[in-house]
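A structural walkthrough
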Amino acid sequence: MISSVLKVAVYVRDQQRALDFYTGALGFEVRADQPMGPGARWIEVGPPGAATGVTLWTPPDLADRIGTFTGIVFGCADIEATVAGLRGRGVTFTEEPSGQAGGVMATFLDPDDNVFVLRENT
């Protein structure tokens, strides 16, 4: 039986720029950063203490997925405080926190215009 989600991929144009954003603006920790073939790196980051990691790269045949809705939902304890803190670090929000069927959520972008959901843990 499947017991967890280990990694999800976020497709990016520039791995270093993405790494700087995910660690600097979002506060993620680096879990792996190693060569992966010519001109590419295997970069994995994640929120401190979280079990699931985020890989930052793009296979050559999947570049058309850069800048789309990722389907990834990040959780936080206090969405208003988290949005204010992230916005202060330069994160762009495309939807402000609002109550929805699944809880209080907002959406934000990374530097490649990938769209993420931020949801307040209930």
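Note that the structure is predicted; figures quoted are calculated from it, not measured.

Cut-off values and rules
- All residue numbers refer to positions counted from 1 along the written sequence of the respective chain.
- Thresholds applied to this predicted model are a pLDDT of at least 70 for local features of residues and 80 or more for the giving and counting of side-chain atom pairs; totals over whole chains, interfaces and linings are not thresholded and use all residues.
- Think of the side-chain values as coming from all heavy atoms in the structure, minus any hydrogens and water.
- Two strands are said to pair when DSSP picks up at least two bridges between them.
- Runs of H or I in DSSP of at least four residues are treated as helices and runs of E of at least two as strands, each being numbered from the N terminus.
- Each axis is a line fitted through C-alpha atoms, and for a helix only the stretch in contact is used; angles between axes span 0 to 180 degrees, taken between their N-to-C directions.
- Here a residue-residue contact requires only that any non-hydrogen atoms of the pair lie within 4.5 Å.
- Nonpolar cores were defined as sets of buried Ala, Val, Leu, Ile, Met, Phe, Trp, Tyr and Cys residues, with membership established by side-chain atoms within 4.5 Å.
- Throughout this description, buried means an accessible area under 20% of the type-specific maximum (1.4 Å probe, protein chains only), exposed means over 50%, and partly exposed covers the range between.

Turning to the pairing of strand β2 (residues 29–35), a few remarks are in order. As paired elements, β2 and strand β3 (residues 41–46) share six bridges and run antiparallel to each other. Bridging across to β3, Glu 29 finds its partner in Gly 46. Linking two consecutive strands that pair antiparallel, namely β2 and β3, is a turn of five residues; a positive phi of about 80° is found at Gly 37 within it.

Read from one edge of the open sheet, four strands run β5-β8-β7-β6, paired in mixed fashion. The sheet terminates laterally at β5 (69–76) and β6 (92–100), the two strands that pair on one side only. With strand direction ignored, the average angle separating the axes of adjacent strands in the sheet is 20°. Inspection of the sheet shows strand β7 (residues 103–109) paired to strand β8 (residues 115–120) by five bridges, in the antiparallel sense. Residue pairing across strands places Thr 107 opposite Val 117, the latter belonging to β8. Each of β5, β6, β7 and β8 is contacted by helix α2 (residues 79–88), which is oriented at about 175° to β6, the strand it contacts most.

With 25 residues, the main nonpolar core has Tyr 22, Leu 56 and Leu 118 as its most contacted residues. For this core, the elements supplying multiple residues, two or more each, are α1 (15–25), β3, β4 (53–56), β5, α2, β7 and β8. Once residues within four sequence positions are removed from consideration, Tyr 22 is found in contact with Val 10, Gly 27, Phe 28, Val 45, Leu 56, Asp 110 and Phe 116.

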